[in-house]
Amino acid sequence: MMCEVMPTINEGDAAGPPRGTGSVPNGSDQEANFEQLMVNMLDERDKLLESLRETQETLIHSQTKLQGALHERDVLQRQINAALPQQSINWCFRQFSFPPTPSADLSPQHNTV
């Protein structure tokens, strides 16, 4: 009666036995594979955490720039709103060929006819 001899597995081989060979690794091989799996998972977790930190820093930087841009927009909008009425008055005077007058002359008490 002939016995079929299974191929030997090197203890230093972290990959373990090839799949589908039917061989079952012993306890120390399973522990080594499990330890290697845990180390790989921890390394991957560290990489993901570092990527998350970098992304959060980028987000904070972008939010800061956005706040600055919104503030600048508001300042410019106030400047436009402050300048627009005088520009509108000047435009009206030019349309009717009246010389522009100081705004004090436009008060209701001076407009009596």
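Since the model is a prediction, treat every value here as computed from it, not as a measurement.

Here is what the cut-offs are and how they apply
Every chain is numbered on its own, with residues counted from 1 as its sequence reads. For this predicted model, a pLDDT threshold of at least 70 governs which residues receive local features, and a threshold of 80 or more governs which side-chain atom pairs are given and counted, while totals over whole chains, interfaces and linings are taken from all residues. The basis for every side-chain value is the complete set of non-hydrogen atoms in the structure, without hydrogens or water. One speaks of a salt bridge when a side-chain nitrogen belonging to Lys or Arg is within 4 Å of a carboxyl oxygen belonging to Asp or Glu. Here a strand is any run of E in DSSP of at least two residues, a helix any run of H or I of at least four, and the numbering for each starts at the N terminus. For every residue, the accessible area obtained with a 1.4 Å probe (protein chains only) is divided by the maximum for its type, and the residue is called buried under 20%, exposed over 50%, and partly exposed between those limits.

*Asks:* Please clarify how the pattern of salt bridges should be interpreted in this entry.
*Replies:* Oppositely charged side chains can pair when the atoms bearing their charge come close. Considering all chains together, one arrives at 3 salt bridges under this definition. Across the salt bridge formed by glutamate 50 and arginine 53, the nearest N and O atoms sit 3.4 Å from each other. Residue glutamate 50 and its partner arginine 53 are both found in helix 1 (residues 27-95); the two are separated by 3 residues, about one turn of the helix. Among the residues examined, glutamate 50 registers a relative accessible area of 39% and is labelled partly exposed. On the basis of relative accessible area, arginine 53 is assigned to the partly exposed category, the value being 43%. Where aspartate 74 meets arginine 73, a salt bridge forms, and the shortest distance between an N and an O atom there is 3.1 Å. Looking at aspartate 74, the relative accessible area reads 32%, which means it is partly exposed.

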